[in-house]
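Observations on chain architecture
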Amino acid sequence: MKPSWVPWVWIPPVALLDFFTLRLAWHLLRLPQWSPLVASWAAALARCLLLTLSACAATCCGGPGVQDSLLPAALLLSFLVPCYTTLQYLFLSEGVALELAHGWARADVFALSYVVVGASVLLWHHLAPRGKGEVETKSSASFWRLVATMRPDVLRFVAIAVLLVVSSLGEMAIPYYTGHVTDWITGEADPSAFERALWMMSALTVGSALAEFLCDYLYNTTMNHFHTRFQSNVFRAVLRQEVGFFHANKTGDITSRVTTDTDTMSEALSSDLSLLMWYLMRGVFLYAMMLWLSVPLTLFVTVALPFILLVPKLSGKFHKNLALQVQESLAKANEVATETFQAISTVRSFANEDGAARRYDQKLQETYKLNKWEAVAYAASMWTSDLSGLALKVGILYYGGRLVTLGSVSSGELVTFVLYEMEFSTAVKVLLSVSPRVEKAVGSSEKLFEYIDRTPQISSSGTLTPQDLQGHVLMRDVSFSYPDREGPPVLKGVSLELRPGTVTALVGPSGSGKSTLVALLERFYEPQSGQVTLDGRELSKYDHRFLHEKVALVSQSPVLFARSLHRNIAYGLGEKSREEVAGVARRVGAHRFIARMSCGYDTDAGETGGQISGGQRQGVAIARALIRDPRVLILDDATSALDMESQQKVEKEIYEGEARHRRSVLLISHRLRSVECADRILVMEDGEIQEEGTHQELMEKKGVYWQLVQRQQNGAEGSNNGFVDMDHEHL
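Per an unreviewed UniProt entry, the chain carries the name Antigen peptide transporter 1-like and comes from Podarcis muralis. Recorded in UniProt under Sequence similarities (unreviewed entry), the annotation for the chain is "Belongs to the ABC transporter superfamily. ABCB family. MHC peptide exporter (TC 3.A.1.209) subfamily." Per its UniProt entry, the chain bears the Subcellular location (unreviewed entry) comment "Endomembrane system".

**Notes on the confidence of the model for the chain**
Of the residues in the chain, 85% reach a pLDDT of 70 or more, and the chain-wide mean stands at 80. Here residues 1-6 scores under 50 on pLDDT; set against residues more than four positions off or in separate chains, the count is two contacts. Between residues 129-136, whose pLDDT stays under 50, and residues either more than four places distant or in other chains, the model counts four contacts.

**Overview of the sheet that holds strand 8 (residues 664-668)**
Read across the sheet, six strands follow the order 6-7-8-3-9-10 without closing on themselves; strand pairing throughout is mixed. Here the strands that pair on one side only, and so sit at the sheet edges, are strand 6 (551-554) and strand 10 (688-693). Adjacent strand axes in the sheet meet at a mean angle of 20 degrees, parallel and antiparallel pairs treated alike.

**Considerations on the layout of surface pockets**
The calculated volume of the largest pocket comes to roughly 2,200 Å³. Of all the secondary-structure elements, those providing two or more residues to the lining of the largest pocket are helix 9 (191-239), helix 10 (243-248), helix 11 (251-293), helix 17 (544-550), strand 6 and helix 21 (614-626). Of the residues contributing to the lining of the largest pocket, the split by class is 23 nonpolar, 14 polar and eight charged.

**Things to note about the packing of helix 14 (residues 353-406) against helix 15 (residues 411-453)**
At a minimum axis distance of 10 Å, the contact between helix 14 and helix 15 shows a crossing angle of 155 degrees. By the criterion of interaxial angle, the relationship of helix 14 to helix 15 is roughly antiparallel. As for the relative orientation of helix 14 and helix 15, their crossing is right-handed in sense. Together, Leu392, Lys393, Ile396, Leu397, Gly400, Gly401 and Val404 of helix 14 and Ser411, Leu414, Phe417, Val418, Glu421, Met422 and Ser425 of helix 15 make up the contact between the two elements. Looking at the contact of helix 14 with helix 15 residue by residue, the classes come out as eight nonpolar, four polar and two charged.

**Examining the side chain of Thr222**
Mapped onto the fold, Thr222 is located in helix 9. In this structure Thr222 touches Asp153, Arg156, Phe157 and Ile160, once residues within four positions along its chain are discounted.

**Some thoughts on the environment of Val620**
Relative to the assigned elements, Val620 resides in helix 21. The class for Val620 is buried, based on a relative accessible area of 0%. Once you skip the residues sitting within four places of it in the chain, Val620 turns out to touch Leu560, Leu565, Asn568, Ile569, Phe593 and Ile612.

**Overview of a nonpolar patch on the surface**
Where nonpolar side chains cluster on the molecular surface, the patch consists of Val154, Leu155, Val158, Val162 and Val166 and spans about 460 Å² of accessible area. Structurally, Leu155 is set in helix 7 (residues 154-171).

**Quick notes on the pairing of strand 7 (residues 632-636)**
Strand 7 sits mainly inside the fold: five of its five residues count as buried. Residues Val632, Ile634 and Asp636 point to one face of strand 7 and Leu633 and Leu635 to the other, with burial holding for every one of them. Where strand 7 lies against strand 8, five bridges are found, and the strand directions are parallel. What sits directly across from Ile634, in strand 8, is Leu666.

**Description of the UniProt feature "transmembrane region" (unreviewed entry) in the chain**
UniProt marks residues 7-26, 38-58, 70-91, 103-124, 154-177, 197-219 and 284-311 with the feature "transmembrane region" (unreviewed entry), using the numbering shown here. Secondary structure content for residues 154-177 is 96% helix and 0% strand, while the C-alpha to C-alpha distance between its ends is 35 Å. With 100% helix and 0% strand, residues 197-219 has its two end C-alpha atoms placed 32 Å apart.

**Here's the deal with the side chain of Glu691**
Mapped onto the elements of the fold, Glu691 is located in strand 10. At 6.1 Å, Lys701 is the nearest oppositely charged side chain to Glu691, a buried residue that forms no salt bridge. Side-chain polar atoms of Glu691 contact the backbone nitrogen of Val704, separated by 2.8 Å. Beyond its immediate chain neighbours, meaning those up to four positions away, Glu691 contacts Ile681, Leu682, Val683, Leu698, Gly703, Val704 and Tyr705.

**Some points on the environment of Arg359**
Inspection of the secondary structure assignment puts Arg359 in helix 14. When the C-alpha atoms of Arg359 and Val336 are compared, they prove to be 7.7 Å apart, with 23 residues separating the residues in sequence. In contact with Arg359, not counting residues within four places along its chain, are Val336 and Glu339.

**Observations regarding the pattern of salt bridges**
What the rule picks out here adds up to 18 salt bridges. With its nearest N and O atoms 3.7 Å apart, the salt bridge here joins Lys576 to Glu580. The closest approach of N and O atoms between Arg631 and Asp629, which form a salt bridge, is 3.4 Å. Taking the relative accessible area as the measure of exposure, Arg631 reaches 15% and is therefore buried. The partly exposed category is assigned to Asp629, whose relative accessible area is 26%. Taken together, the salt bridges that share partners define one network made up of Glu171, Arg282 and Glu423.

**Examining the nonpolar core**
Counting residues in hydrophobic clusters, the biggest one holds 48 residues, and the most contacted among them are Ile569, Ile681 and Tyr705. Examining the composition of this core, we find that six residues originate from one element, helix 21, more than from any other. Once residues lying within four places of it in the same chain are set aside, the contact partners of Tyr705 are Val507, Leu672, Val675, Glu676, Ile681, Val683, Glu691, His695, Leu698 and Met699.

**What about unusual backbone geometry?**
Excluding glycine, most residues fall at negative phi; most peptide bonds, likewise, are trans. Phi is positive for Asp637, which is not a glycine, with a value near 55 degrees. Following the sequence through the fold, Asp637 ends up in the loop between strand 7 and helix 22 (644-656). By relative accessible area, which is 2% here, Asp637 ends up buried. A positive phi angle is found at Lys702, which is not glycine, with a value near 55 degrees. Assignment of secondary structure puts Lys702 in the loop between helix 23 (695-701) and helix 24 (704-714).

Parameters at a glance
- Residues numbered from 1 in each chain as written.
- Predicted model: local features only at pLDDT ≥ 70, side-chain atom pairs only at ≥ 80, totals over all residues.
- Heavy atoms only, no water.
- UniProt positions renumbered as here; feature names shortened; annotations may be inferred.
- pLDDT = per-residue confidence, 0-100.
- Contact = heavy atoms within 4.5 Å.
- Pairing = 2+ DSSP bridges.
- Helix = DSSP H or I, 4+ residues; strand = E, 2+ residues; numbered from the N terminus.
- Axes fitted to C-alpha atoms, helices over the stretch in contact; angles between N-to-C directions.
- 1 Å grid on protein atoms, 1.4 Å probe; cavity = no way out; pocket = protein on both sides within 12 Å on 5 of 7 lines; lining within 4 Å.
- Points joined across faces, edges and corners; volume = space filled by probe spheres on them.
- Nonpolar A, V, L, I, M, F, W, Y, C, P; charged D, E, K, R; others polar.
- Parallel < 35°, antiparallel > 145°, perpendicular 65-115°, else oblique.
- Left-handed = near helix turned anticlockwise from the far one by under 90°.
- Buried < 20%, exposed > 50% of the residue type's maximum accessible area, 1.4 Å probe, protein only.
- Patch = residues over 30% accessible without salt bridge, like charges linked within 9 Å, V, L, I, M, F, W, Y side chains within 5 Å.
- Areas by Shrake-Rupley, 256 points an atom, 1.4 Å probe, with all protein chains shown as cover.
- Salt bridge = Lys/Arg side-chain N within 4 Å of Asp/Glu carboxyl O.
- Lys, Arg positive; Asp, Glu negative; His and termini not counted.
- Polar contact = N/O pair within 3.5 Å; in protein donor to acceptor, adjacent residues only side chain to side chain.
- Core = buried A, V, L, I, M, F, W, Y, C linked by side-chain atoms within 4.5 Å.

As structure tokens, then:
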């Protein structure tokens with residue numbers, strides 16, 4: 001691999017060859033029948049061929065990065081002088097243009113062109129760094145996605161654009177009339193014209209301010225509407241995801257994306273995008289007015305302004321580097337202080353307080369020295385910024401003064417141009433500072449669009465809503481493993497059947513797969529193999545809302561929401577009367593404790609139901625399931641915290657309730673006494689159904705079920721110890 005400096009060694013000999021070739025062409029093309037402008041273009045074409053070949057040769061030594069710099073430089077060197085000469089022919093007097101047309105091969109013109117091209121390459125290198133193509137493509141895609149989401153507000157944005165145009169045009173009034181006033185004063189024109197100009201300036205300024213006020217109001221209300229709609233779309237997209245998505249991603253990360261990232265993006269767009277639109281429109285009108293006043297002066301500003309902006313950027317790099325060094329020095333001083341305070345006993349035992357203080361002072365002195373250099377760098381940065389701006393204004397006045405002398409522009413037009421240029425420079429600086437923040441805001445939307453575009457692994461596209469659903473559940477040879485868990489399958493070829501009018505109990509030690517089986521019945525996950533059907537049809541065929549209305553689950557630790565108990569029981573069902581809610585609460589014993597509360601059914605449950613006890617939460621959750629009149633009721637240790645009276649009411653509802661004949665019940669409990677009356681008991685162990693039968697039949701077998709009963713009776717594991725199902729971690 002060749003050193004990176006090798007291609008640049010070619011520049012001096014190529015520059016000498018270019019100069020002698022240009023001089024030779026100048027002597028050969030100085031023919032009377034040739035126009036000087038035609039001769040300069042002919043020499044430029046030949047020069048382009050020579051410099052392009054030289055750049056290609058250098059590229060072979062330096063690679064594509066060198067090609068990005070040298071080839072554009074070769075083209076610019078070739079056509080800079082003829083292009084400038086042609087513009088002079090078009091916009092200036094012929095005498096001025098002929099001076100350069102006859103002297104395009106002079107040494108001073110040659111040297112100046114190399115200086116300009118070198119500065120242009122340097123400018124391009126700093127303003128357009130390589131290696132960000134993929135990032136720019138993503139940002140561009142995200143930007144157009146954001147624009148597409150704003151489509152419902154297109155009419156508002158049209159109105160905003162119109163108001164922007166009106167306001168920007170009004171901003172052009174004061175510089176324009178200032179220049180005219182200058183001409184009128186120097187020309188001693190009619191004083192009434194001066195008064196008319198003042199009235200016009202006042203009227204246009206007031207109109208511009210009013211248009212700006214309406215534009216800001218309409219823009220902010222539109223962006224607030226967009227923010228509300230976009231955040232709602234992100235939230236709905238997250239809600240569509242399967243349960244496994246929430247287990248694979250931290251809740252805090254998801255919440256941060258939905259709330260913080262959306263707020264940050266919207267705030268940046270509301271403020272920074274507004275500035276970007278305003279100054280972009282203003283810059284377009286300012287540049288157009290500058291072109292209308294004087295094309296040569298505008299071209300001069302166009303060429304000079306990027307270099308003027310580059311000078312503070314280059315000088316600011318030194319200041320930024322020093323600022324980083326100051327921060328690092330402060331961090332080292334803080335490390336000394338932290339180390340000393342943490343080991344204060346050791347410092348005190350060795351009586352080294354003075355030594356620790358001297359060490360800390362030494363670090364502070366190093367920081368102080370860096371601070372002095374940082375202050376110098378900051379002052380130099382501000383000085384170069386002001387000086388570069390002043391240099392541009394002096395250049396405009398010098399060049400403009402020559403144009404005034406030649407009669408190309410008037411003194412008033414020069415004044416107007418200078419005012420326009422000052423506002424244009426400000427607009428460009430604002431655009432350069434705001435654009436990165438807008439790009440950052442657009443970039444933060446990429447993750448949000450990932451959520452919006454993400455296709456749930458478990459689709460909710462089913463449409464079945466049968467009115468005669470029986471509640472017959474059949475699980476055939478089901479195996480399942482959690483995507484984020486290594487090891488053997490949690491379920492291994494499990495088969496079971498839940499029939500209407502029967503109560504099926506499921507028992508087993510912790511970690512045996514009971515709650516995982518419930519997750520499959522609720523379609524939180526899809527089995528890797530096997531099939532789960534409801535009335536002979538796969539669960540995926542049913543409408544999402546219908547399925548979860550007819551298959552109700554109550555877990556051991558149910559979650560309530562920060563709303564009234566009435567609304568918690570009727571959760572997801574819209575408006576329910578107090579009689580319906582109270583009726584179902586009576587059936588499970590919840591009405592008794594709710595009625596004793598000061599606000600009754602209007603009592604707020606608090607965040608996650610924290611304002612009421614665990615047993616009361618279970619009672620409310622069971623009532624919330626039963627009010628749906630489900631065809632399949634799953635109680636996953638849902639009565640473990642109930643008192644005796646409520647427990648008996650729930651068991652009566654399960655075994656003797658009016659709806660028993662039209663409902664299948666799956667009862668999971670660690671209190672084995674509560675499952676003795678079940679029509680069928682399934683015993684799970686290591687992800688498999690080991691035993692099946694009634695309580696009496698399983699006791700006679702003296703198998704796994706009999707051992708579980710003996711352990712509970714002997715109190716070897718306490719009331720619930722050893723039966724806490726670890727599968728709840730995934731639900």
